[in-house]
Amino acid sequence: MLTPYDWVYGIAVLTAVVLSVIAGFLALSLFDSARKTHLTAWKPLIFALVLFALEEILGALKVFGVWKSLWLTHVIPSFILLFLIIALV
């Protein structure tokens, strides 16, 4: 049985997913402009954003008790960090 805290937390996670999808649509407009040298960091940042949205979806599934994967929720942030480092370099 889910507590009210679980419902509020799950709704907050789903809100983060929706906001990251909206940010992804905004970032897609910059994907073509990444050919310019000062905007090349957008490609790895877009991949990091997609992985973040996937991580949030998996977190929502975990909160609502639909599906749990302990190792996957630790591996995906490692790839997010990798893409952030690539973007910074």
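This text follows the structure it describes.
Since this is a predicted model, take the numbers as computed values, not measurements.

**Here's the deal with the packing of aromatic side chains**
1) Next: Counted under the stated rule, the structure contains two aromatic pairs.
2) Next: Seen in terms of ring centroids, tyrosine 5 and tyrosine 9 are 6.1 Å apart; in terms of plane orientation they differ by 5 degrees. Their pairing is stacked. One end of the pair is tyrosine 5 and the other is tyrosine 9, both in helix 1 (residues 4-31) and four residues apart, which spans about a single turn.
3) Next: For tyrosine 5, a relative accessible area of 60% translates into the label exposed.
4) Next: Residue classification places tyrosine 9 among the partly exposed residues on the basis of a relative accessible area of 41%.

**Focus: the side chain of glutamate 56**
1) Next: Relative to the helices and strands, glutamate 56 is located in helix 2 (residues 42-63).
2) Next: Within the buried core, glutamate 56 has no salt-bridge partner, and the shortest N-O distance to an opposite charge, that of lysine 62, equals 12 Å.
3) Next: In contact with glutamate 56, not counting residues within four places along its chain, are Val13, Ala16 and Val17.

**Quick look at helix 2**
1) Next: Spanning 22 residues, helix 2 covers 31 Å between terminal C-alpha atoms, matching the ideal 32 Å at 1.5 Å per step.
2) Next: Pro44, Ile46, Ala48, Leu51, Ala53, Glu55, Glu56, Leu58, Ala60 and Val63 are the residues of helix 2 that are buried.
3) Next: Looking one or two residues past helix 2, glycine 65 carries a phi angle of roughly 75 degrees, positive in sign.

**Notes on the nonpolar core**
1) Next: Core analysis: the biggest nonpolar cluster contains six residues, these being Ala48, Leu51, Leu58, Leu72, Ile76 and Ile80.
2) Next: Of all the secondary-structure elements, those providing two or more residues to this core are helix 2 and helix 3 (72-88).
3) Next: Among residues more than four places away in sequence, those in contact with isoleucine 76 are Leu51, Leu54, Glu55 and Leu58.

**Some remarks on the packing of helix 2 against helix 3**
1) Next: Where helix 2 meets helix 3, the axes come as close as 8 Å, and the angle between the chain directions of the two elements is 160 degrees. One finds that helix 2 runs roughly antiparallel with respect to helix 3. Along this stretch, helix 2 crosses helix 3, giving a crossing that reads as left-handed. Facing Pro44, Leu45, Phe47, Ala48, Leu51, Phe52, Leu54, Glu55 and Leu58 of helix 2, the residues of helix 3 in contact are Leu72, Thr73, Ile76, Pro77, Phe79, Ile80, Phe83, Leu84, Ile86 and Ala87.

Criteria and cut-off values
- Residues numbered from 1 in each chain as written.
- Predicted model: local features only at pLDDT ≥ 70, side-chain atom pairs only at ≥ 80, totals over all residues.
- Heavy atoms only, no water.
- Phe/Tyr/Trp six-rings, centres within 6.5 Å; stacked < 30°, edge-to-face > 60°.
- Helix = DSSP H or I, 4+ residues; strand = E, 2+ residues; numbered from the N terminus.
- Buried < 20%, exposed > 50% of the residue type's maximum accessible area, 1.4 Å probe, protein only.
- Lys, Arg positive; Asp, Glu negative; His and termini not counted.
- Salt bridge = Lys/Arg side-chain N within 4 Å of Asp/Glu carboxyl O.
- Contact = heavy atoms within 4.5 Å.
- Expected span 1.5 Å × (residues − 1).
- Core = buried A, V, L, I, M, F, W, Y, C linked by side-chain atoms within 4.5 Å.
- Axes fitted to C-alpha atoms, helices over the stretch in contact; angles between N-to-C directions.
- Parallel < 35°, antiparallel > 145°, perpendicular 65-115°, else oblique.
- Left-handed = near helix turned anticlockwise from the far one by under 90°.

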